[in-house]
Amino acid sequence: MPTATPKRTIAFLLVPNFSMIAFATAIEPLRIANRIAGHEIYRWRLVSPDGKPVRASNGVEVAVSSGVEAERKALSGEGRPSMVFICSGVFVESFGDKATLSYLRETHQRGVSVGGLCTGAWILAKAGLLAGRRCAIHWENLPGFSEAFPRADVYADLFEIDQNIYTCAGGTASLDMMLALIGEDLGDDVVNRVCEQALTDRVRGAQDRQRLPLRARLGVQHVKVLRIIEIMEANLGEPLSLVEVARLVGLSRRQVERLFDKEMGRSPARYYLEIRLDRARHLLVQSQLPIVEIAVACGFVSASHFSKCYRELYSRSPQQERALRAAAVTA
């Protein structure tokens, strides 16, 4: 039976270099739900900061119907949305459009639900909306986000819904968050039918993991090695000694060394160093933290030692890494 007005009107605010997969997997389940229902339950419109087309990170340019200024006026009129989702992607740390941040704050203050797709949580946090709130962001951006916004309660979950703030990790996690929204509105039967149309075989929960399990990601099967790696990843800022790690898994230091040589093709000390440097690389390109602070955050005793190890692994200094990122952002 047709309805006079949709249940929800959603504004998708796209910013330069937004993630196309996060955007598409958010909007498509809404379209499918409308099709299943036989009438327009969900209505949406596309917005950009300046009202002009926006280029996604894959190079595809998307036309929009309005800009932030028009949307601000719509907040007090008939065009007021029930939800606003900001969709971003790579280079999100460089986004700082003041009009957009102000619009997000005003939207939230007026009782409209706000959300972030992919790295959108970064922009919501920059607008001051995530202090003390649970949120999710793409795993690759999590280290930099945690350092930049320590008051945000961030998790490596697929999505988080904290009262009227919705965030997801991007990729196909947008689909999972929208399925949760559809389930809230229309029930599990419609959700299952949307999944059938989208050819997805299950509904993932908010706390499902973002990344592949270590076993699949690293191609390692040995239980003890996997446990050792988990311990290392949980202790990057204050690295444990190999003796301490070995004790926690009930092995000797020599046994751990032999296991890593066989399963990983390098020593445990080398592997531990590599994952600490990988975290440092993320912090270098995602934050403005001084290099000495990044060194300390990743368990190095001095900036000079950190720089030496970084250059040996990546063939460039931390300063050069940042310069390359800056050039990519402005290109």
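Structure first, text after, so check above.
Conventions adopted
- Residues numbered from 1 in each chain as written.
- Predicted model: local features only at pLDDT ≥ 70, side-chain atom pairs only at ≥ 80, totals over all residues.
- Heavy atoms only, no water.
- Helix = DSSP H or I, 4+ residues; strand = E, 2+ residues; numbered from the N terminus.
- Buried < 20%, exposed > 50% of the residue type's maximum accessible area, 1.4 Å probe, protein only.
- Areas by Shrake-Rupley, 256 points an atom, 1.4 Å probe, with all protein chains shown as cover.
- Phe/Tyr/Trp six-rings, centres within 6.5 Å; stacked < 30°, edge-to-face > 60°.
- Lys NZ or Arg CZ within 6 Å of the ring centre and 35° of its normal.
- Salt bridge = Lys/Arg side-chain N within 4 Å of Asp/Glu carboxyl O.
- Core = buried A, V, L, I, M, F, W, Y, C linked by side-chain atoms within 4.5 Å.
- Contact = heavy atoms within 4.5 Å.
- Pairing = 2+ DSSP bridges.
- Right-handed = clockwise from strand over helix to strand, strands pointing away.
- Axes fitted to C-alpha atoms, helices over the stretch in contact; angles between N-to-C directions.
- Nonpolar A, V, L, I, M, F, W, Y, C, P; charged D, E, K, R; others polar.

Peer 1: Hey, could you run me through the overall build of the protein chain in this one?
Peer 2: Counting its regular elements, the protein chain contains 15 helices and 11 strands. Along the first, second and third principal axes, the C-alpha set of the protein chain runs to 70 × 40 × 35 Å. Looking at the protein chain residue by residue over its 331 residues, the buried ones come to 49%. Per element, the accessible surface of the protein chain, about 15900 Å² overall, is 50% carbon and sulfur.

Peer 1: Help me understand the packing of aromatic side chains in this model?
Peer 2: In total, this model carries 11 aromatic pairs according to the counting rule given. Between Trp122 and Phe145 the ring centres are 5.9 Å apart and the planes differ by 65 degrees, which places this aromatic pair in the edge-to-face class. With Trp122 in helix H4 (residues 120–126) and Phe145 in helix H5 (residues 142–148), the pair connects residues that are 23 residues apart, well separated along the chain. Taken as a pair, Trp122 and Phe145 share a single burial class, namely buried. Centre to centre, the rings of Phe145 and Phe149 are 5.1 Å apart; their planes meet at 50 degrees, and the pair counts as tilted. Taking the relative accessible area as the measure of exposure, Phe145 reaches 0% and is therefore buried. Note that Arg134 overlies the ring of Tyr155, its terminal NZ or CZ placed 3.8 Å from the centroid.

Peer 1: When you look at the pattern of salt bridges in this model, what are you seeing that I'm missing?
Peer 2: Opposite charge on two side chains permits pairing when their charged atoms draw close. Following the criterion strictly, the structure yields 23 salt bridges and no others. Measuring nitrogen to oxygen at the nearest pair gives 2.9 Å for the salt bridge that ties Arg45 to Glu71. In this pair, Arg45 sits in strand E2 (residues 42–48) while Glu71 sits in helix H2 (residues 68–74), placing the two residues 26 residues apart along the sequence. Here the two residues Arg45 and Glu71 agree in accessibility, since each one is buried.

Peer 1: Would you take a moment to explain the nonpolar core for this structure?
Peer 2: With 41 residues, the main nonpolar core has Phe12, Leu14, Phe18, Phe23, Phe85 and Leu117 as its most contacted residues. Taken together, the elements giving at least two residues each to this core come down to strand E1 (8–14), helix H1 (20–37), E2, strand E6 (83–87), strand E11 (165–168), helix H6 (173–186) and helix H7 (188–198). For this core, the leading source of residues is H1, giving 8 residues. Look past the residues within four positions of Phe12 in its chain and what remains in contact with it is Phe23, Ala26, Ile27, Leu30, Trp44, Arg45, Leu46, Val47, Phe85, Leu117 and Met178. One finds Ala121, Leu124, Ala125 and Ala127 within the second-largest nonpolar core, a separate group that totals 31 residues.

Peer 1: Explain the pairing of E2 here, please?
Peer 2: Successive side chains on a regular strand alternate, one facing one side of the sheet and the next facing the other. Counting buried residues in E2 gives 5 out of 7 residues, a clear majority hidden from the surface. Inspection of the sheet shows E1 paired to E2 by 6 bridges, in the parallel sense. Paired with Leu13 across the bridge in E2 is Val47. Traced from E1 through H1 to E2, the parallel crossover comes out right-handed. Two strands pair when backbone bridges link them, and E2 and strand E5 (residues 66–67) are joined in this way by 2 bridges, in the parallel orientation. When the bridges of E5 are listed, Ser48 appears paired with Gly67.

Peer 1: How should I be thinking about the packing of H6 against H7 in this particular structure?
Peer 2: How two helices pack is summed up by the angle between their axes together with the distance between the axes. Their axes nearest at 8 Å, the elements H6 and H7 cross at an angle of 140 degrees. In this structure, H6 contributes Leu179, Ile182, Gly183 and Leu186 to the contact, and H7 contributes Val190, Val191, Val194 and Cys195. Looking at the contact of H6 with H7 residue by residue, the class counts come to 7 nonpolar, 1 polar and no charged.

Peer 1: Would you explain unusual backbone geometry in this entry?
Peer 2: Across the chain, the bulk of peptide bonds are trans and the bulk of non-glycine residues have phi less than zero. Of note in the backbone geometry, Leu199 takes a positive phi value of approximately 60 degrees without being a glycine. Structurally, Leu199 is set in the loop between H7 and helix H8 (214–218). A positive phi angle, close to 60 degrees, is found at Ser315, a residue other than glycine. With respect to the helices and strands, the residue Ser315 is situated in the loop between helix H14 (303–314) and helix H15 (318–330). Residue Ser315 is classed as exposed on the basis of its relative accessible area, which comes to 65%.

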